[in-house]
Amino acid sequence: METPGRETRIPLLEGQGVAPDRITVALVLSAFFAVCGSYVFGNAVSYSSPAESGIMDELGLSLAEYSVFGSILTVGGLLGALCSGKIADLIGRRGAMWVTDVSGIIGWCAIFLSESAWSLDLGRLLLGFGVGLASYVVPVYVAEVTPKNLRGGFVSLCMLGIACGMSMTYIIGSVLNWRILACLGTIPCLLQLVGLFLVPESPRWLAKIGREKDMTAALQRLRGKNADISNETSEIEAYIENLRKVSEYRLFQIFQRKYAQALTVGLGLMVFQQLGGLNAYGFYMSSILERAGASSTAGSITTAIVKLAANIVAVFLMDKFGRRPLLLVSASGACLAGFLIGLAFLLQDYHQSTNAVSALTFIGIVVFTGFFSMGLGGIPWIIMAEIFPINVKGSAGTLVNLVSWVGSWLVAYTFNYFFEWSSAGVFFTFSGICCSAILFIAKMVPETKGRALEEIEASMTS
């Protein structure tokens with residue numbers, strides 16, 4: 001036992017070896033089935049946009065009632081975020097993802113069978129709980145099973161999964177009934193539910209709970225039958241052992257000064273991600289375009305294609321250029337997009353050219369979708385999965401996830417009111433927040449490309 005007050009260092013092994021960088025079948029399947037949870041996230045977030053007119057007409061919902069339906073997803077997300085770290089630490093990363101699947105399936109079925117507002121809201125709430133939990137556990141699992149030199153590209157698949165979910169929902173929702181769209185939402189949940197039985201648990205979580213043999217077997221399976229995992233195994237075991245020594249007498253590690261930098265980066269990125277307008281564009285894109293006199297159908301399809309393309313590009317650029325450059329470019333593009341849309345509605349307020357208003361709004365939404373998807377949309381989750389030591393990853397992840405969902409609810413619930421009050425002002429505000437994000441990223445966010453998780457965590461707490 002150490003003397004309280006003395007700083008305990010978590011050393012990395014001298015001459016640490018590089019984990020084999022082979023892309024194995026087990027690694028690909030692990031990432032694929034995990035990312036099904038990200039697809040569900042994108043599907044759930046974007047569902048309220050194409051389903052709006054169908055649900056309001058068929059069930060006779062008022063605008064206020066539909067606003068509750070749209071925003072209650074974030075309330076469920078808050079509840080999921082509150083217990084995400086605890087669940088993932090208690091029953092494992094796979095166990096937590098199974099919980100998200102059950103919650104998602106029940107939620108989608110409740111929406112599909114709904115005949116009134118209360119059952120719609122209940123289904124949306126359950127769906128929110130599942131995606132709130134998934135938003136933490138999916139990137140953490142992928143980061144923990146992937147070799148360090150491949151981690152950025154693999155974890156960015158979470159961004160691609162969200163983009164695919166949103167894009168497919170926009171496209172399919174433009175031609176199918178809202179009930180059928182809800183029914184289709186159960187498919188990725190079922191796929192992940194079954195698929196997780198075929199892949200190993202996170203080796204780092206297994207090591208944390210003392211299952212060394214299972215950890216070695218899982219790591220060997222992920223890296224390949226003939227891969228040399230001795231260096232990576234020793235590194236994980238030494239790191240976990242030191243963390244156990246630290247944890248023996250500290251009950252509230254997350255609030256210690258040495259974790260201040262990691263918390264500031266994690267929380268700051270989530271605040272800028274949400275207050276930069278993510279849910280305003282995602283939840284209410286159709287009404288924004290219609291207010292500007294642009295085609296919501298054309299906008300939905302165009303943004304779906306752009307979002308998908310931007311995320312594919314990000315997958316290939318993540319480990320080539322790093323996280324920071326993509327975040328800086330993303331925040332700059334989002335800043336420009338908010339300014340363009342704000343300018344469009346300012347022109348509308350002064351009764352200027354209708355064509356200019358619709359064109360600027362359309363361009364602004366497409367620009368935001370492309371640039372935001374490339375960086376701020378998903379990289380904060382990747383960095384969150386990388387910077388926290390595993391002994392506080394559950395509690396820190398819960399806090400970061402909670403802050404993200406609070407911001408998400410705040411924007412989703414208040415946007416319609418601010419949009420009615422000042423269409424231009426709300427987007428100029430989003431632009432200003434994204435401008436502040438550029439300064440925050442340049443000053444505070446570290447580069448994590450090509451570094452072992454243990455190395456990143458040690459540098460953030462030194």
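Residues numbered from 1 in each chain as written. Predicted model: local features only at pLDDT ≥ 70, side-chain atom pairs only at ≥ 80, totals over all residues. Heavy atoms only, no water.

K.L.:
Got a sec to walk through the environment of Val75? Specific residues and values, please.
P.N.:
With respect to the secondary-structure elements, Val75 resides in helix 2 (residues 63-112). A sequence separation of 372 residues divides Val75 from Glu447, and the C-alpha atoms of the two residues are 32 Å apart. Aside from chain neighbours lying at most four places away, what touches Val75 is Leu125 and Trp409. (Helix = DSSP H or I, 4+ residues; strand = E, 2+ residues; numbered from the N terminus. Contact = heavy atoms within 4.5 Å.)

K.L.:
Before we move on, can you summarise the layout of surface pockets with the specific residues and values?
P.N.:
Approximately 360 Å³ is the volume found for the largest pocket. Taken together, 21 residues make up the lining of the largest pocket; nearest its centre are Phe32, Val35, Cys36, Tyr39 and Pro188. Of all the elements in the fold, those that place two or more residues in the lining of the largest pocket are helix 1 (25-59), helix 4 (148-173), helix 5 (178-184) and helix 6 (186-195). A per-element tally of the lining of the largest pocket places helix 4 first, with eight residues. Looking at the lining of the largest pocket residue by residue, the class counts come to 16 nonpolar, five polar and no charged. (1 Å grid on protein atoms, 1.4 Å probe; cavity = no way out; pocket = protein on both sides within 12 Å on 5 of 7 lines; lining within 4 Å. Points joined across faces, edges and corners; volume = space filled by probe spheres on them. Nonpolar A, V, L, I, M, F, W, Y, C, P; charged D, E, K, R; others polar.)

K.L.:
Got a sec to walk through the confidence of the model for the protein chain? Specific residues and values, please.
P.N.:
For the protein chain, per-residue confidence averages 84 on the pLDDT scale, and residues scoring 70 or more make up 92% of the total. Here helix 18 (residues 453-460) stands out as the element of the protein chain with the lowest mean pLDDT, 74, in contrast to helix 6, whose mean of 96 is the highest. Here residues 1-19 is modelled with pLDDT under 50, and outside its nearest four sequence neighbours on either side it reaches 37 contacts, counting other chains as well. (pLDDT = per-residue confidence, 0-100.)

K.L.:
Describe the environment of Val142, and please don't skip the residues or the numbers.
P.N.:
Positionally, Val142 belongs in helix 3 (residues 117-145). Sequence separation of Val142 and Asp214 is 72 residues, and the distance between their C-alpha atoms is 18 Å.

K.L.:
Tell me about helix 1, and name the residues and values.
P.N.:
Largest kink in helix 1: about 65 degrees, centred on Ala51. Along helix 1, 25 of the 35 residues are buried, which leaves the element largely enclosed by surrounding structure. Just past helix 1, the residue Gly60 takes up positive phi, approximately 70 degrees. (Bend = angle between axes of the 7 residues up to and from the residue. Buried < 20%, exposed > 50% of the residue type's maximum accessible area, 1.4 Å probe, protein only.)

K.L.:
Before we move on, can you summarise the packing of helix 2 against helix 3 with the specific residues and values?
P.N.:
The interhelical angle for the contact between helix 2 and helix 3, taken along N-to-C directions, is 35 degrees, at an axis separation of 5 Å. Across the contact of helix 2 with helix 3, the residue classes tally to 30 nonpolar, 15 polar and five charged. (Axes fitted to C-alpha atoms, helices over the stretch in contact; angles between N-to-C directions.)

K.L.:
Can you tell me about the packing of aromatic side chains, naming the residues and giving the values?
P.N.:
Enumeration according to the criterion identifies 22 aromatic pairs in this entry. Aromatic side chains Tyr66 and Phe69 sit 5.4 Å apart centroid to centroid with 50 degrees between the ring planes, which places their arrangement in the tilted category. Separated by three residues within a single helix, Tyr66 and Phe69 lie in helix 2, roughly one turn from each other. The burial state of Tyr66 is the same as that of Phe69; both residues are buried. Taken together, a centroid distance of 5.7 Å and an interplanar angle of 70 degrees make the contact between Tyr281 and Phe427 edge-to-face. (Phe/Tyr/Trp six-rings, centres within 6.5 Å; stacked < 30°, edge-to-face > 60°.)

K.L.:
Account for empty space enclosed by the protein, naming residues and giving values.
P.N.:
Tallying each qualifying case throughout the model produces five cavities of 30 Å³ or more. Approximately 400 Å³ is the volume attributed to the largest cavity. In this structure, the largest cavity is lined by 31 residues; those nearest its centre are Ile162, Met166, Leu278, Lys307 and Gly377. A total of six residues in the lining of the largest cavity trace back to one element, the largest contributor, which is helix 11 (residues 278-291). Class assignment of the residues belonging to the lining of the largest cavity gives a composition of 17 nonpolar, 13 polar and one charged.

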